[in-house]
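Fold and contact review
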Amino acid sequence: MRAIRTALRGGLAGRRVQALAIGLVLLASAAASTLAAGLLAASNAPFDRAFAAQHGADAALTVNAAKASAGELAATARLFGVTAAAGPFAEATVTASAAVPDTPGVVFQAFTLAGRSSPGGPVDDIMLTAGHWPTGTGQVVVSRELADTGSGASMSPGTVITLTAVPGSPKLTVVGVGVSVTNTADGWVLPAEMTALGSPLAGQMLYRFASAGSGAAVNAGVAAVRRALPAGTVLGAESWLAVKAQENESILPWVPFLVTFGVIGLVMSVLIEVNVVSGAVTAGTRRIGVLKSVGFTPAQVVSVYVLQVAVPGVIGVAGGAVIANLLAAPVLGPASQVFGVAPQSIPLWVDLAVPLAMLALAGIAALVPASRAGRLSATAAIATGRAPRPSRGYAAHRLLGRARLLPRPVTLGLAGPFARPGRTLVTLAAILFGAVAVTFGTGLGTSLNRVGADLALAGTEHVQIGLAGQSGQQPAPGQPSPAVQQADMAAVIRAQPGTRHYVTESDDRFGVTGMAGTAAVTAFGGDASWIGYALVSGHWYGVAGAVVNTSFLRATGKRIGGTFTLTDDGRAVTLKIAGEVFLPGNDPQVLTNLSSVVALDPSGTSPQMFYVSLRPGVNAQSYQNAVFAKLGPGDYHQLSSGSGVLLQIISGLVLILTLLLVVVAALGVLNTVVLMTRERVHDLGVFKAVGMTPRQTITMVVTTVAATGLIAGLMAVPAGIVLHHAILPIMGNGAQTGFPPGIYNVYNPAELMLLALTGLVIAVVSALAPATWAARARTATALRTE
Amino acid sequence: MDALVQLSEVTKRYDDGKSPAVAHVTMQVGHGEAVAVMGPSGSGKSTLLNLIAGLDRPSGGTVRVGDQEISKLSETGAARFRRRQVGIIFQFFNLLDDMTVADNVLLPAQLSGVSAAKARARLDELLAVLRIAEHRNAYPARLSGGERQRVAIARALVNRPPLLLADEPTGALDTATGEEIGELLLDLNAAGQTLILVTHDPALAARYAKRVIRIVDGQIAAVVTPV
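Residues numbered from 1 in each chain as written. Chains lettered and ligands numbered in written order. Predicted model: local features only at pLDDT ≥ 70, side-chain atom pairs only at ≥ 80, totals over all residues.

Examining the overall build of chain A
Within chain A one finds 27 helices and 20 strands. Once local pairs closer than 6 in sequence are excluded, the contacts in chain A between residues at least 24 apart make up 84%. (Helix = DSSP H or I, 4+ residues; strand = E, 2+ residues; numbered from the N terminus. Contact = placed C-beta atoms within 7 Å.)

Notes on the overall build of chain B
Along the backbone of chain B there are seven helices and ten strands. A globule of 227 residues ought to have a C-alpha radius of gyration of about 17 Å, and chain B, at 17 Å, matches this closely. Reported as C-alpha extents along the three principal axes, the dimensions of chain B are approximately 45 × 40 × 35 Å. Buried positions account for 52% of the 227 residues belonging to chain B. (Rg over C-alpha atoms; globule rule 2.2 N^0.38 Å. Buried ≥ 20, exposed ≤ 12 C-beta atoms within 10 Å, placed from the backbone.)

Description of the sheet that holds strand E2 (residues 22-30) of chain B
Read across the open sheet, the four strands follow the order E2-E1-E4-E5 (chain B); overall the sheet is antiparallel. Strands with a single pairing partner mark the edges of an open sheet, and in this sheet they are E2 and strand E5 (68-69) of chain B. (Pairing = 2+ DSSP bridges.)

Topic: the sheet that holds strand E6 (residues 86-89) of chain B
Hydrogen bonds between backbone atoms are what pair the strands of a sheet, whose relative direction is either parallel or antiparallel. Residues and elements named next belong to chain B. In space, the six strands of this open sheet follow the order E6-E7-E8-E3-E9-E10, with mixed pairing throughout. Because the sheet does not close on itself, it has two edges, and the strands there are E6 and strand E10 (219-224). The mean angle between the axes of side-by-side strands here comes to 20°, regardless of whether they run parallel or antiparallel. Pairing analysis gives five bridges linking strand E3 (residues 34-38) to strand E8 (residues 194-199), with the strands arranged parallel. Bridge pairing in E8 places Ala36 opposite Leu197. (Axes fitted to C-alpha atoms, helices over the stretch in contact; angles between N-to-C directions.)

As for the packing of helix H9 (residues 255-282) of chain A against helix H23 (residues 694-734) of chain A
Residue and element names in this part refer to chain A. For the pair H9 and H23, interaxial distance at closest approach is 8 Å and the crossing angle is 145°. Every residue of H23 that contacts H9 at Val255, Pro256, Phe257 and Thr260 is listed here: Leu723, Ile727, Ile730, Met731 and Gly734. For the contact of H9 with H23, a count of residues per class yields seven nonpolar, two polar and no charged. (Nonpolar A, V, L, I, M, F, W, Y, C, P; charged D, E, K, R; others polar.)

Re helix H26 (residues 758-776) of chain A
Residue and element names in this part refer to chain A. The end-to-end C-alpha distance of H26 is 28 Å, a good match for the 27 Å that 19 residues give at a rise of 1.5 Å each. A bend of about 40° at Leu768 is the largest found in H26, and the proline Pro770 appears one to four places after it. Buried residues of H26: Thr758, Gly759, Leu760, Ile762, Ala763, Ser766, Ala767, Pro770, Ala771, Ala774 and Ala775, and no others. (Expected span 1.5 Å × (residues − 1). Bend = angle between axes of the 7 residues up to and from the residue.)

Observations regarding helix H3 (residues 101-112) of chain B
Most of H3 of chain B sits inside the fold, with eleven of its twelve residues counted as buried. Within H3 of chain B, burial applies to Val101, Ala102, Asp103, Asn104, Val105, Leu106, Leu107, Pro108, Ala109, Gln110 and Leu111 of chain B. Looking at the buried residues of H3 of chain B, the elements they touch are helix H14 (394-401), helix H15 (408-415) and H23 of chain A together with helix H2 (75-85), helix H4 (116-129) and helix H5 (145-157) of chain B. Positive backbone phi, at 80°, marks Gly113 of chain B, one or two positions downstream of H3 of chain B.

Focus on the interface of chain A and chain B
Taken together, the contact between chain A and chain B spans 25 residues of the former and 26 residues of the latter. If you list the elements that add at least two residues to the side of chain A that touches chain B, you get H14, helix H22 (681-689), H23 and helix H27 (779-784) of chain A. Of the residues in the side of chain A that touches chain B, the class split is eleven nonpolar, seven polar and seven charged.

Focus: the nonpolar core
Core analysis: the biggest nonpolar cluster contains 249 residues, and Ala665 and Val669 of chain A together with Leu165 of chain B have the highest contact counts within it. Looking at this core element by element, the count peaks at 17 residues for helix H21 (residues 643-679) of chain A. Ignoring anything within four residues of it in the chain, the contact list for Ala665 of chain A reads Met268, Ala430, Ile431, Phe433, Gly434 and Ile762 of chain A. (Core = buried A, V, L, I, M, F, W, Y, C linked by C-beta atoms within 7 Å.)

Examining unusual backbone geometry
Residue and element names in this part refer to chain B. Residue Arg131 is not a glycine yet carries a positive backbone phi of 60°. Mapped onto the secondary structure, Arg131 falls in the loop between H4 and H5. Positive phi, normally seen in glycine, also occurs at Arg160, with a value near 50°. Here Arg160 is to be found in the loop between H5 and strand E7 (163-167).

Re the pairing of E7 of chain B
All names here are of chain B. Most of E7 is tucked away, with five of its five residues classed as buried. Residue alternation in E7 divides its side chains into two sets, Leu163, Leu165 and Asp167 and Leu164 and Ala166, and both sets are buried. Pairing between E7 and E8: five bridges, direction parallel. Within the sheet, the bridge partner assigned to Leu164 lies in E8 and is Leu195. Each parallel crossover has a hand, and the one from E7 via helix H6 (residues 175-190) to E8 is right-handed. (Right-handed = clockwise from strand over helix to strand, strands pointing away.)

Here's the deal with the environment of Gly525 of chain A
Its location among the elements puts Gly525 of chain A in the loop between strand E13 (515-524) and strand E14 (535-538). Excluding its chain neighbours within four sequence positions, the residues that come into contact with Gly525 of chain A are Val503, Thr504, Leu594 and Pro607 of chain A.

Some thoughts on the environment of Arg16 of chain A
Checked against the element boundaries, Arg16 of chain A lands in helix H2 (residues 16-43). The spatial distance from the C-alpha of Arg16 of chain A to the C-alpha of Leu768 of chain A is 20 Å, given a sequence separation of 752 residues.

Considering the environment of Asp48 of chain A
Checked against the element boundaries, Asp48 of chain A lands in helix H3 (residues 46-53). Separated by 133 residues in the primary sequence, Asp48 of chain A and Val181 of chain A have C-alpha atoms spaced 9.4 Å apart.

Points about the confidence of the model for chain A
For chain A, mean pLDDT is 81; residues scoring 70 or higher make up 89% of the total. This model gives residues 639-643 of chain A a pLDDT under 50, and the stretch forms 15 contacts once residues within four places in sequence are excluded. (pLDDT = per-residue confidence, 0-100.)

Brief notes about the packing of helix H16 (residues 421-455) of chain A against H26 of chain A
Residues and elements named next belong to chain A. Following both chains from N to C, one finds H16 and H26 inclined at 125°, their axes separated by 9 Å at the closest point. Of the possible angle classes, the one that applies to H16 and H26 is oblique. Two packed elements cross with a definite hand, and for H16 against H26 that hand is right-handed. Residues Ile431, Leu432, Gly434, Ala435 and Val438 of H16 pack against Thr758, Gly759, Ile762 and Ala763 of H26. (Parallel < 35°, antiparallel > 145°, perpendicular 65-115°, else oblique. Left-handed = near helix turned anticlockwise from the far one by under 90°.)

Brief notes about the confidence of the model for chain B
Across chain B, the average pLDDT comes to 89, with 98% of residues at 70 or higher. With pTM at 0.76, the complex prediction returns an ipTM value of 0.89.

If you want it as C-alpha cells, here you go:
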C-alpha cells in the first residue's frame, strides 16, 4: 500500500501537466454532461413536474360568492376525494391598458385579477420570478406569460397598468412577475385591493383531488364540490388536463432541439474524456514497465494508474458540477421560460449521478490501458514506452515527406494523426459533434428567425388597429358604432401619407362540415395577399377560395385543391382550399375573403380591425400616433403579437447551447493536444535541435489537429443539415404545423463554406496554446525528457 | 588563432542547482580544430556543449560562434543558427523513429528551405560517404547502433555547418563500432570540419582531438594538447 502511495505521489508530482489535463477534461466533461442531463431532465414532462412542484390545481372553480358563505366554501376542502383546497380568492376579469415603454396603448381585453394574500398555500403556489408579492394596495404581480408575451413587449416591475373599465380607472403598479402552473389568473393583488375595486361577486376556489388522472375523475371531483354548495354557486370550472393540453402545445415544439443539444453534449463529453484519460495512461506505459521492474504486480500498477486519474478526476468532476449549476441559470432559465414553467434547476440526482458516472468512466478509461500495460513484461512495457506502436504512421510520414509543395513542418504535422489512429478518430468525433452543433444551431437559429418573421408577418412594415366593440362586444356608451368607426378609420388611413395598403379583418368561428368543434375564420375585406402570410404549400386564395393551416387539414382530412363547407346557424358556404398557410397551433384556422363568408353571418361579420402596411421608411409608431391623433378619443388601440419574445428567448438559448458545445469540443481538443505534445516532447526537442524555429513548431503542432478538424468540419456540414431537416419536422409536429420551404432552406453557399471551416477553427484555436508551449519549451530540457 | 567558437566568462546556473553547472568558462576553438571537452559525469561538459549549440542559454558571459553572439539570439534566431552553423551528434542518436533514414537526414535541409534537388544531392553524397546508402529507406529501429550514429552524423552535416558538436558520440556503441565512428570524425576533421567532442573517455579524447579541455565542477581544470 505504501508503495502504491509512493508511486502515486511520484506520478502526480512528475506529471503535473498530465494531471492538470485530466482534471480539466473531467471538469469540462462533468460540467457539460451535468448540464446536458439537466437539460434533458428539464425537457422531460416539464409541465407534470412543475405541476407537482407547485401543487397545481386539479380544478379551478369560479364561484358566485353571493350564493355561498365563506364557511360553506371552506367546508368543501373536507369533502371526500378532496386532498387540498385554497380560496375563495376574489376574482374579476376587467379591461386594462398597460403603459409599456415604447409600446403605448397596449390593451388587455380580458385581464383576470385574483386577490391572494400570499403566493403560497396548499394549492397553486405562485413562483415569483421577479420582484415581490404585493405589500399594499395599488400593487400587482403579473403572470410571466402576460409579462413576457401578452403585450408584445416585456412588462417588468415598475410598469403601470390602468384598469380602464373600472370606475375611476384605478392604476396598479407591477411589483412582481409570477408563474402559476395552472394559469389561474393574469395578475394577483392583495384581497383588500379586490374590495377596493368594487367587491366582485366572483371568487376562485382551487382544488386538488385524490384522483385527477382523467377528465372523468376531475369532473367527478368538481361534481362533488358542486353538490356540496348551494345551487348556482359554481359558475365554471377549468380542469388541469385542459391547461396541460394547452401548455404541452407550447412545450412540445421545443423539446426536440433541447434533447438534441443535450445528447450531443453527453456524447461529446464521453468521447473527449475517454480519449484524454486513456491517452494519458497509455503515455505512462514506460513508467509502468519501470514500476514492474522494481516489483509492482499488475494489480498494483492498475491501482496506481486508476488513482492517478482519480485524484485530479475527483477535483475535476466536483468543479464541473459546480460550473454546471452556475451555468444552469442562463441555460435552464430560458428553457423554463420556453416551457412556461417556473425556473428549474439541475435535479439533485443529476448533480450526484452524472459527475460520479463521469468519474467512473474515467476510471474505466484508465483501467483498460493500465491493465493492458500491466500484463506486459517489464522490458516490453519499457520498450513500448512513450512511442506509438511501431510502423503506425510511418507510411504517412514517408509519403508526406515527399510532398514538396507543402512546408516540412506542415507535412510533419499532417502525418501526426496517423501515429495514433484511435485517438485521432475520437478527436475527430469530438470536433465533429461540436461542428455539427454549430451547423445545426446556426440553421435552427435562422429557421426560428424566419418562423418569427413569418408569424409576425415581418415581410411588410405594418400596424394593426382594432375597433371598439370587437369580438361581438357592443361599443361602450358614447363610442361610435362599428360602421361609423370603420368609415372614420378608413378615411383617416386612406388619407395618411404613410399608408401603402390596408384591408379590414373580421375574426369569427364557424362550424366545418365533418369536423368536430369550430374553426377560427379570418375574413379580409379585400386583397390581403400583400400581408405576406407564409405558405407551407399551394398558393394564396382566389374567389370562393381559402387558405387553411396544418391543423385544419389534419382535423378535416382535407387536402389542397379539395373543398370544405363552413356552417353557421343553418347557413353554409363551400370554399376551395388553395393553400396551406403557416399558422401553428392545434386550432383549425381558415383565411379567406369577407365576401366569401358574409353569407354565413350577414349581421355579425363587421370588421374588427384594420391591417395596414406602411410605405418604406415610415415609422410604425409615428404612423400609429398620427392615426390615433386624427381619430380623436375612443377605444381604438394597437394590436400586436407576442410570439417574437418567445422566439428571441429560444434563439438566445440555441446560441448559448451551441457556444457551450463548441467550448467543450475545444477544451477536449486542447487537452488532447496537450497530452500529445507532452508525449512527443523529446521528438520536439530533436526537431528544435536540428533547427526548427518556434513558428515552425507551432505550425507543426497545430497542423497535427488541423487536418482532423477540417475533415470533421466538412463532415459536420451535411450531418448538421440532416439533423436540422430531421429535427424541424418533429418540432413542427409538436406545434401542429408544417413549415414553409423557406424555414428549411436556410443554408446559403457562403454560409456553408464558413460552417465547413468550423471544425478547423475549433482545432486550430484549441491547439494554439499547447503549440505555443511546445515552441517555448527549452530544447535542452526537451531533449533530456524521457 | 582564427577563432570559430569563443566563450567568455560563461556561467550556467539551473534554477534548482545551488552551484553552477558551468562557471566562468573562457575558451576558444579555431577553424578546423578538433577539441575534446572531457570530464567526469556531472562535470558540466554536456551543458557547455548545449550552450555552444544554442540549445540552452548561459546565465552569464557570452558565447560567440563565427560572428554571431549565441547568447543574445532569440529562440527563432537560435534555431536558424543551429540549422546553418552547427551540426549536433548525440550519444543516443536522437533519430526520429517514424521517419526513414533519408527523411531524418533531410530534415534540417527541409526546415532551412533548401531546394529539394540540392538536398537530395547532398543526401546521396553523405549516405555514400558514410556507407549507409543501402539503408536510405530503412527506419532507424532496423539499424545497428553504428549505422544509427552514421545517420545522425549525416543529418548533422546535411547543411554543411562549419561546426560539428558531438556529445559522447561513441557512448552507446560497442568498442569496434565506436572506433569506426571515431575514425569517421577524424576523417571529417582532416577534411577541415571543426569538431568539438564531449567525452568522459580520456583515450578517445587523446586519440581524436588535437586539444583536450578538462572540466571539473563546471570549471576548466586544464587544457592539454595530446602528444
